[in-house]
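Working through the structure, step by step
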Amino acid sequence: MPPPLILASASPSRRQLLANAGLDFTIEPSGVDEDEVKLSLLGERARPRDIATTLAEMKATRVSARRSGAMVIGADSTLACDGRLFDKPPTLAAARQQLTDLGGRTHELHSAVVVAQNGARIWQAADHGRLTMRPFTNSFLDAYLARAGEAVCGSVGAYQLEGLGAHLFSRIEGDYFTVLGLPLLPLLAFLAEHGIGLEQP
């Protein structure tokens with residue numbers, strides 16, 4: 001029997017990606033104070049990719065330490081534009097400001113995934129995409145936020161590429177799943193090696 005699989009995240013998009021891939025898993029948020037960790041890492045001049053990897057590992061190891069034997073998936077994403085790191089906006093007003101700042105520019109989205117077991121990391125992967133937003137008017141932005149609603153506050157950068165957020169972009173370079181917040185293909189390959197996922201032909 002393969003070990004139980006746990007997602008150490010409350011992210012709806014990551015949950016949906018794993019569910020769409022046919023994985024059987026439970027959800028247990030880690031309780032890691034992400035804001036505090038990010039502030040500390042930024043003080044150490046950590047790179048966006050390293051911040052995402054550190055947070056993913058902290059989430060996975062924390063949950064796996066209390067769930068003996070289970071394989072725990074931790075994931076995180078960071079968005080960087082011209083040296084500035086963006087977070088999930090706390091309000092729609094903050095989301096509007098973020099999108100105004102990102103409009104017409106290219107940014108990088110770094111996503112990391114870590115699998116931990118019994119409190120220790122056993123595997124990790126990280127990747128990034130380059131996303132270019134098209135310039136947009138204030139009226140377009142108002143219409144987008146009115147239709148998308150509070151859901152944008154759950155996404156770093158205030159967009160959800162799998163939905164209405166696609167209208168914001170002129171070009172996307174990189175792996176689609178990574179841009180959605182989870183390097184899914186290497187994760188599925190790793191899990192398959194441990195008997196988790198679809199049966200091999």
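That block above? That's the structure.
Given the structure is predicted, the values throughout are model-derived calculations rather than measurements.

**Some words on the state of the cysteines**
- Taken as a whole and assessed by the stated rule, the structure comprises zero disulfides.
- As a non-bridged cysteine, Cys81 has Cys153 as the owner of its nearest cysteine sulfur, 19 Å distant.
- With a relative accessible area of 3%, Cys81 lands in the buried category.

**Observations concerning the packing of helix H2 (residues 34-43) against helix H3 (residues 48-66)**
- One can describe the packing of H2 onto H3 by two numbers: an axis separation of 10 Å at closest approach and a directional angle of 140 degrees. One way to sum up the angle between H2 and H3 is to call them oblique. Considering how the two elements wind past one another, H2 and H3 form a crossing that is right-handed. Touching Glu34, Val37, Lys38, Leu41 and Leu42 of H2 are Ile51, Thr54, Leu55, Met58 and Lys59, all from H3.
- Class assignment of the residues belonging to the contact of H2 with H3 gives a composition of six nonpolar, one polar and three charged.

**Some remarks on the nonpolar core**
- Residues Leu18, Ile73, Leu99, Tyr144, Tyr159, Leu187 and Leu191 are the most contacted members of the largest nonpolar core, which totals 43 residues.
- Those elements that provide at least two residues to this core are strand E1 (5-7), helix H1 (12-20), strand E3 (71-81), helix H4 (92-102), strand E5 (106-117), strand E6 (120-133), helix H5 (138-148) and helix H7 (184-193).
- Top element by residues in this core is E3. It accounts for five residues.
- If we skip the residues at most four places from it in the chain, Leu99 touches Met133, Phe136, Leu141, Tyr144, Leu145, Gly157, Ala158 and Leu168.

**As for the pairing of E5**
- The element E5 is largely enclosed, with a buried count of nine among its twelve residues.
- Relative to E5, E3 runs antiparallel, the two being bridged by ten bridges. From the neighbouring strand, Ala80 faces E5, where its bridge partner is Glu108.
- For E5 and E6, the ladder comprises twelve bridges, and the chain directions are antiparallel. Within the sheet, the bridge partner assigned to Gln117 lies in E6 and is Ala120.
- Linkage of E5 to E6, two consecutive antiparallel strands, is achieved through a turn of two residues, within which Asn118 is found at a positive phi near 55 degrees.

**A look at H1**
- Among all positions in H1, only Arg14, Leu17 and Leu18 are buried. Projected down its long axis, H1 carries its buried residues within an arc of 95 degrees, all on one side. Among the exposed residues of H1, those oriented more than 90 degrees off its buried face are Pro12 and Asn20.
- Those residues of H1 that are buried are in contact with E1, E3, helix H6 (176-179) and H7.
- A positive phi of about 80 degrees marks Gly22, the residue just after H1.

**Considerations on the pattern of salt bridges**
- Counting across every chain of the model gives twelve salt bridges.
- Put simply, Asp101 and Arg84 hold a salt bridge, and the shortest N to O gap is 2.9 Å. Here Asp101, found in helix H4, pairs with Arg84, found in strand E4 (residues 84-86); they are 17 residues apart in sequence, far enough to count as distant.
- One salt bridge connects Arg171 with Glu173, and the closest N-O pair in it is separated by 3.4 Å.
- Connected through salt bridges with shared partners, the residues Glu28, Arg66 and Arg67 form a single ionic network.

**Remarks on unusual backbone geometry**
- The backbone of Arg45 shows a phi angle near 60 degrees, a positive value even though the residue is not glycine.
- Within the secondary structure layout, Arg45 lies in the loop between H2 and H3.
- Given a relative accessible area of 75%, Arg45 falls into the exposed group.
- We note that Asn118 has phi near 55 degrees; this positive angle belongs to a residue other than glycine.
- Within the secondary structure, Asn118 is located in the loop between E5 and E6.

Reading the values: the criteria
- Residues numbered from 1 in each chain as written.
- Predicted model: local features only at pLDDT ≥ 70, side-chain atom pairs only at ≥ 80, totals over all residues.
- Heavy atoms only, no water.
- Disulfide = S-S within 2.5 Å.
- Buried < 20%, exposed > 50% of the residue type's maximum accessible area, 1.4 Å probe, protein only.
- Axes fitted to C-alpha atoms, helices over the stretch in contact; angles between N-to-C directions.
- Helix = DSSP H or I, 4+ residues; strand = E, 2+ residues; numbered from the N terminus.
- Parallel < 35°, antiparallel > 145°, perpendicular 65-115°, else oblique.
- Left-handed = near helix turned anticlockwise from the far one by under 90°.
- Contact = heavy atoms within 4.5 Å.
- Nonpolar A, V, L, I, M, F, W, Y, C, P; charged D, E, K, R; others polar.
- Core = buried A, V, L, I, M, F, W, Y, C linked by side-chain atoms within 4.5 Å.
- Pairing = 2+ DSSP bridges.
- Arc of directions from axis to C-beta.
- Salt bridge = Lys/Arg side-chain N within 4 Å of Asp/Glu carboxyl O.

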